[in-house]
Amino acid sequence: METSNELIALAGNPNAGKTTLFNALTGSAAKVGNYAGVTVSVKHGEMRNSHGKALDLIDLPGTYSLSGGSPDQQIARGVLLGENDKIAKPDLVVCVLDASNLERHLQIALEVIELEIPVVVALNMIDQAEKTGLRLDPVKLSEELGVPVVPIQADKGKGIIELKQALGHPFPPTPEASWEKGDEASRRAFGLQVAELAARRPEAHTSTLSDKLDRVLLHPVLGWVCFIGIMFALFWSIFSFASIPMGWIESLQDWASGTVENTMAEGDLRDLLTQGIIGGVGSVIIFLPQIILLFFFIGLMESSGYMARAAFLMDGFMAKVGLSGKAFLPLLSSYACAIPGVMAARTIDSPKERLVTIFVAPWMSCSARLPVYLLLVPMLLGGSEGGAKQALIFLSIYVLGTLTAFVVARILRGKLGPDDIQSHFLLELPPYRLPQWKYILRHVLDRAWAFLRNAGTVILGIMILLWAATTYPKLDSDDPGEVLSHSIVGRVSVAIEPIVKPMGFDGRTGTAILTSFAAREVFVGSMAQLFHVNEADDDAETRNSIREILAAQTWPDGRKMFSPAAVISLLIFYIYALQCLPTTAVVARETGSWKWGIGQFIFMTVFAGLASLLVYQVAKLFGLS
């Protein structure tokens, strides 16, 4: 980052309020969370000190130490040491410390002081500290550390003026460490000594609201009951409340397609716009409301402090499969979309655990699979959508994908072996707080925009290529099925029928599977086109029409083509197949190697095919075909 302004870096532990302070100083609204590693990249902004001088500000990832191996720790250390090619070495570091947890938070400040960079300490959350009866002495703390100390309350804007004054010119001198530099034991002993001098605690401990809530939410039994209830409410809300805005998007898509059809002459360009661009990208954007709701609830749990408790509860269970509680947030995020889940794995210290988490994240059934499930599950029940039985099958689908992911994680973790440097699951439980609605809203909007930007670039390109493959070479016919069969995709489907037939599928279903490698939800539209189903104004009506047509299909020998065995086989394939090329690209970027991205794609596709084959053949033995 090239700039003529002097550069200030914000450093500190997760939950210290670093990003809140960044927002207060710059006026922007980065994401705030109460879970380790929520900030997994460097944020940039500009601020002005009390004299009006412009200063560049960067918000480093929250980290407990500068000596670990996780990407967030490496990023923070690289920037502070001036080893980052894109960011200059900071001229000053503001260490943001949680005043109510001074003993733990002082350690990162002492590490920064050892780097011989000018330092200012922002003593944040003084209101929380005072509520617990803690009495702080910022002057004494400043004397012991040899750096300016400014008490602040970032979320309320208190102390911001004083902090800007501390950042005036000239910057404070470079501090000198009064402990043995590089010696962790010496540093820790000094930190405890300073905390004892600068923070006077009440003689008797009084239970806070957080303590009382944790007696229930972290209870060995009640804690799990609450956790399961919260997760159930989360997913029920997503699937229930998202239906209204999804309907709006469907109407907008129909209006856009209708407008193009009414204003343009018939031809390839019109088909490209309506089928390739509006239809293709629209089939992806339709799931934006579900993704927005999921990230809203994730932001709510992070901001309130519950996300750390959920990770704590999950740590013991996930340890059995070779993961830790830090893998919980990436895997939870993957239920909406695997891409943010894969990116969230940056916070995991262990490189091998991070690889395993990235590898299995796509098996958390994302929202893009829902159209396929909504089409196929009612076919097993011989009725329309809805009902307790359908809900039970949906739950079973999610459980099956998750349990398989954990089994594969256990096997893969064992194959990779232990890390060269032992890592530990270190998690701070922040006090419960009222959600910061402004920052949650901003976070949700950022995620939504990232999703739309992806839909407008990578997915748009894939859908255009897919449209071309299903259109050319052209055939002079009014039969959509014949046109598709004559196209590149249709010819490929003839070639693959011998491969997919043992799984219970014909060439047309195989073609629909091929098209859905661009986006899983494309499968429904492809099936409608391949089996000559006229799409209705309502998606539910279209799905019912498709089911009726599919139920009437037979093999040449008269057997039902979409028997229970075939439908179950198709469901199994979609539970396991990695049909999301953008995810493969993100995995390659996050792991630093296309070997992992392509290897994951091949493994999951082959696994899905073999699982589908096995299920179909076993189901045939029980007379379900």
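I will try to describe carefully the structure that is included in this document. Keep in mind that what you see is a predicted model, and the values were worked out from it rather than measured.

**Describing the pairing of strand E4 (residues 92-98)**
So, step 1. Counting buried positions along E4 gives seven out of seven residues, so the element sits mostly inside the fold.
So, step 2. Alternating residues of E4 divide into Leu92, Val94, Val96 and Asp98 and Val93, Cys95 and Leu97, and every residue in both groups is buried.
So, step 3. Here strand E1 (residues 6-12) pairs with E4 via five bridges, running parallel. In the strand pairing of E4, Ala11 is matched with Cys95.
So, step 4. Relative to strand E5 (residues 119-124), E4 is paired through six bridges, and the arrangement is parallel. Bridge pairing links Leu97 to Leu123 in E5.

**Examining the pairing of E1**
So, step 1. The buried count for E1 comes to six of seven residues, which makes it a mostly enclosed element.
So, step 2. Pairing of E1 with strand E3 (residues 54-59) involves five bridges; the strand directions are parallel. Each bridged residue has a counterpart across the sheet, and for Ile8 the counterpart in E3 is Leu57.

**As for the nonpolar core**
So, step 1. With 94 residues, the main nonpolar core has Phe328 and Phe523 as its most contacted residues.
So, step 2. Not counting residues within four places of it along the chain, the set of residues in contact with Phe523 comprises Val372, Leu375, Thr509, Ala512, Ile513, Ser516, Leu570 and Tyr574.
So, step 3. Core analysis: the second largest hydrophobic core is formed by 39 residues, Leu106, Leu110, Ile126 and Val149 among them.

**Focus: the packing of aromatic side chains**
So, step 1. Tallied over the full model, the rule gives 17 aromatic pairs.
So, step 2. Ring geometry for Tyr335 against Tyr398: centres 6.1 Å apart, planes inclined by 35°, an arrangement best described as tilted. A residue pair is termed long-range when its members are at least 10 positions apart, and Tyr335 in the loop between helix H14 (328-333) and helix H15 (338-344) and Tyr398 in helix H18 (residues 388-416) qualify at 63 residues.
So, step 3. For the pair Tyr576 and Phe607, a centre-to-centre distance of 5.0 Å together with 85° between the ring planes defines the contact as edge-to-face. One end of the pair, Tyr576, is in helix H26 (residues 564-576); the other, Phe607, is in helix H28 (residues 594-621), with 31 residues separating them in the sequence.
So, step 4. With a relative accessible area of 6%, Tyr576 lands in the buried category.

**Quick notes on the side chain of Thr26**
So, step 1. Looking at the secondary structure, you find Thr26 in helix H1 (residues 18-26).
So, step 2. Polar side-chain contacts of Thr26 include one of 2.7 Å to the backbone oxygen of Phe22.
So, step 3. Dropping the residues within four chain positions of it, Thr26 is found in contact with Gly45, Glu46 and Leu57.

**Side note on the environment of Asp214**
So, step 1. Within the secondary structure, Asp214 is located in helix H8 (residues 209-217).
So, step 2. Between the C-alpha atoms of Asp214 and Tyr432, which are 218 residues apart in sequence, the distance is 9.4 Å.
So, step 3. Beyond its immediate stretch of four places on either side in the chain, Asp214 contacts His219, Arg309 and Tyr432.
So, step 4. Looking at Asp214, its side chain comes within polar contact range of the side chain of Arg309, at 3.0 Å.

**Describing the pattern of salt bridges**
So, step 1. Scanning all chains against the criterion turns up nine salt bridges.
So, step 2. Linking Arg188 and Glu184 is a salt bridge whose minimum nitrogen-to-oxygen distance equals 3.8 Å. Highlighted residues: Arg188 and Glu184, both in helix H7 (residues 184-198), separated by four residues, approximately one helical turn.
So, step 3. A residue is classified by how much of its surface remains accessible, and Arg188, at 42% relative accessible area, is partly exposed.
So, step 4. Assessed through its relative accessible area of 51%, Glu184 is described here as exposed.
So, step 5. Between Arg508 and Asp506 there is a salt bridge, with its nearest N and O atoms 2.9 Å apart.

Rules behind the numbers
Here, residues in each chain are numbered from 1, in the same order as that chain's written sequence. Restriction of local features to residues with pLDDT of at least 70 applies here, the model being predicted, together with a cutoff of 80 or more for giving and counting side-chain atom pairs; totals for whole chains, interfaces and linings are based on all residues. As a rule here, side-chain values cover all heavy atoms of the structure and leave hydrogens and water aside. We call a residue buried when its accessible area falls under 20% of the maximum for its residue type, exposed when it is over 50%, and partly exposed in between, using a 1.4 Å probe and counting protein chains only. Starting at the N terminus, helices and strands are each numbered in turn, a helix being any DSSP run of H or I of at least four residues and a strand any DSSP run of E of at least two. If DSSP finds at least two bridges between two strands, the strands pair. Joining through side-chain atoms within 4.5 Å is the link that ties buried Ala, Val, Leu, Ile, Met, Phe, Trp, Tyr and Cys residues into a set, and such a set is a nonpolar core. We call two residues in contact when some of their heavy atoms are within 4.5 Å. What counts as a ring pair is set by centres within 6.5 Å for rings of Phe, Tyr and Trp (its six-membered ring), and what kind of pair is set by the plane angle: stacked under 30 degrees, edge-to-face over 60, tilted for all other angles. Any pair of nitrogen or oxygen atoms within 3.5 Å is treated as a polar contact; in protein, a donor-acceptor pairing is required on top of that, and neighbouring residues in sequence qualify only through side-chain atoms on both sides. One speaks of a salt bridge when a side-chain nitrogen belonging to Lys or Arg is within 4 Å of a carboxyl oxygen belonging to Asp or Glu.

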